[in-house]
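Structural features, examined
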Amino acid sequence: MIIVENFSLKPFNTFGIEAEARYFAEMQSVSDIQIFLNTQYHKRKPKLILGGGSNILFTKDFEGAVIKINTKGILKIKETTDNVFLNVQAGEIWDDFVNYCLENNYGGLENLSLIPGNVGSCPIQNIGAYGVEVKDYIESVELLDMQTLQMSELNNKECRFGYRDSIFKQELKGKVIILSVTFKLTKNHTLHLEYGAILEELKKNEIKIPTIQTVAQAVCNIRRCKLPDPKEIGNAGSTFKNPSVNENIFTKLKSKFPNISSYSQPDGTFKLPAGWLIEQCEFKGYREGDAGVHKNQALVLVNYDNATGEDILNLANKIQKSVAVKFGINLELEVNVV
Ligand code: EPU
């Protein structure tokens, strides 16, 4: 294991923000992680666990150790008539894993195609897209306690998944490292086609009997049209969460803004598309120096070239203020600001 000092994190965050780590070390195995965490010198220092760097906004240099998880491996641990159980190491690239599932005809994750990031990060914010959340296919998550160096496992329920939320963003934040995730995937598939754009895309491609592979292809097509590719333009996907409001507030908003759309939630609240709220505040395609709002999806802030984390954060704050003034709604950041 090599520990590098004053290391540029620019290639390690999809926003492409320049920031330095005081120490940087890549972990190829669980024992690398344990050895590193056991070093007296690093025990006292702040630590940041980095996966694919696709949901992080660096606003300053990191004065401790950045630990990049590179562990690899996909292991079939169980198979039944209906399901297959795969244990996947945290450092596997998410979309490579989705493709592995498609090649082997294991179903469940096809709607989550092309999401940037690593497998180890997917439970943290319970990634979701096109009507599917990863929580529906997670059996368990294997962890390492950063203090005691003990390994443990949480089952699905114990992970307390919610919309872009889990125990890893709450009580366990900064306390554990996700080592691997065990998925329960299908052999006889149930396709999730309720999200309008998917059906339209399948129709456009004249697909009459969809499969997990053609649904994945449809999702990729939609994402490529709407969302910027971090390889071409720095971004971290949705910058904000879609906010929820109660029925009373929603009724008032609807009478003032009849075009507002919403997704009613099982708990009686209404989720509002933050992209729409931001667009109504005329930020879609807006640019301030090298920080901007994507032209096709107002929920995504972008770094055109040399924006700093502060530039992006200032723009995010400006958008939050504007949405609060127009709609009385506080937009919550979805990206992790460091
Ligand atoms: N909309 C606008 N203007 C915009 C963007 C969106 O009016 O600029 C409205 C439209 O009415 C549209 C609705 O918002 O019908 C929903 O838009 P979209 O389908 O693009 O989804 P989203 O709610 O904006 C969420 C996720 C995305 C995920 C998509 C697709 C969050 C925070 N974001 O976005 O996830 O890809 O659904 O399922 O929940 C991510 O988390 O990084 C991410 C990209």
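Computed from a prediction, not measured in an experiment: that's the story for all the values here.

1. Some remarks on the environment of K78
Residue position: K78 is located in strand β6 (residues 74-79). For the pair formed by K78 and K157, sequence separation is 79 residues and the distance between their alpha carbons is 20 Å. Aside from chain neighbours lying at most four places away, what touches K78 is N83, V84 and F85.

2. Structural notes on the sheet that holds strand β13 (residues 234-235)
The strand order across the open sheet formed by four strands is β13-β19-β18-β17, and the pairing between neighbours is antiparallel. Each having just a single partner strand, β13 and β17 (287-288) make up the two edges of the open sheet. Inspection of the sheet shows β17 paired to strand β18 (residues 291-293) by two bridges, in the antiparallel sense. Of the residues in β18, the one forming a bridge with R287 is G292.

3. Here we look at the pairing of strand β3 (residues 47-50)
Alternating positions in β3 separate cleanly, L48 and L50 being buried on one face and K47 and I49 remaining unburied on the opposite face. Pairing analysis gives four bridges linking β3 to strand β5 (residues 62-69), with the strands arranged parallel. Each bridged residue has a counterpart across the sheet, and for I49 the counterpart in β5 is I67.

4. Focus: the site of the ligand
The environment of the ligand is formed by 22 residues, the closest being Y130, Y163, R164, Y195 and E279. Side-chain polar atom of E279 to a nitrogen atom of the ligand: 2.5 Å apart, as the coordinates give it. Protein burial of the ligand: of its 810 Å² of free accessible surface, 82% is covered by the chains. Element by element, the count of residues in the shell around the ligand is highest for helix α7 (residues 274-280), at three residues.

5. Looking at helix α4 (residues 196-204)
What α4 keeps buried is the set I198, E201 and L202. Buried residues of α4, seen end-on, are gathered within an arc of 100° and therefore sit on one face of the element. Set apart from the buried face of α4 by more than 90 degrees, the exposed residues are E200, K203 and K204. Tucked inside the fold, the buried residues of α4 contact α5 (212-226).

6. Some details on the pairing of strand β7 (residues 83-89)
In terms of burial, β7 is a largely internal element, seven of the seven residues being buried. Where burial is concerned, the two faces of β7 agree: the one with N83, F85, N87 and Q89 and the one with V84, L86 and V88 are both buried. Of the pairings in the sheet, the one linking β6 to β7 comprises five bridges and is antiparallel in character. For L75, the partnering residue across the bridge sits in β7 and is N87. Linking β6 back to β7 in an antiparallel pair, the connection comprises three residues.

7. Considerations on the sheet that holds strand β11 (residues 151-155)
As summarised here, the arrangement of the five strands in space is β6-β7-β12-β10-β11, forming an open sheet in which the pairing is antiparallel. Two strands lie at the open edges of the sheet, namely β6 and β11, each paired on one side alone. Each adjacent strand pair in this sheet contributes to an overall mean axis angle of 20°, direction not counted. Pairing of strand β10 (residues 138-145) with β11 involves five bridges; the strand directions are antiparallel. The partner of L143 across the bridge, within β11, is S152. Most of the contacts of helix α1 (residues 30-38) go to strand β12 (residues 176-186), to which it runs at about 160°, and overall it touches β10, β11 and β12.

8. Considering the packing of aromatic side chains
In this structure the tally under the stated criterion is 12 aromatic pairs. Between F7 and F12, the ring centres sit 5.7 Å apart and the planes meet at 45°, which makes this aromatic pair tilted. Of the residues examined, F7 reaches a relative accessible area of 21% and is grouped as partly exposed. Taking 5.2 Å as the distance between ring centres and 85° as the angle between the ring planes, the aromatic pair formed by F283 and Y286 counts as edge-to-face. Pairwise contacts between aromatic rings join F7, F12 and F24 into one cluster.

9. Regarding the pattern of salt bridges
Summed over the entire model, instances satisfying the criterion amount to 12 salt bridges. Measuring nitrogen to oxygen at the nearest pair gives 3.2 Å for the salt bridge that ties E279 to K284. On the basis of relative accessible area, E279 is assigned to the partly exposed category, the value being 35%. Overlapping salt bridges bring together K76, E79 and K187 as one network.

10. As for the side chain of Q320
Within the element layout of this structure, Q320 appears in helix α8 (residues 309-327). Sequence-distant contacts of Q320, that is, excluding residues within four places in its chain, are made with F240, L331 and L333.

11. Observations concerning unusual backbone geometry
The phi angle at N6 is positive, at roughly 45°, despite the residue not being glycine. By relative accessible area, N6 is classed as partly exposed at 46%. Backbone geometry places R160, a non-glycine residue, at a positive phi of 45°. Along the chain, R160 turns up in the loop between β11 and β12.

Criteria and cut-off values
Residues numbered from 1 in each chain as written. Predicted model: local features only at pLDDT ≥ 70, side-chain atom pairs only at ≥ 80, totals over all residues. Heavy atoms only, no water. Helix = DSSP H or I, 4+ residues; strand = E, 2+ residues; numbered from the N terminus. Contact = heavy atoms within 4.5 Å. Pairing = 2+ DSSP bridges. Buried < 20%, exposed > 50% of the residue type's maximum accessible area, 1.4 Å probe, protein only. Near = heavy atom within 4 Å. Polar contact = N/O pair within 3.5 Å; in protein donor to acceptor, adjacent residues only side chain to side chain. Areas by Shrake-Rupley, 256 points an atom, 1.4 Å probe, with all protein chains shown as cover. Arc of directions from axis to C-beta. Axes fitted to C-alpha atoms, helices over the stretch in contact; angles between N-to-C directions. Phe/Tyr/Trp six-rings, centres within 6.5 Å; stacked < 30°, edge-to-face > 60°. Salt bridge = Lys/Arg side-chain N within 4 Å of Asp/Glu carboxyl O.

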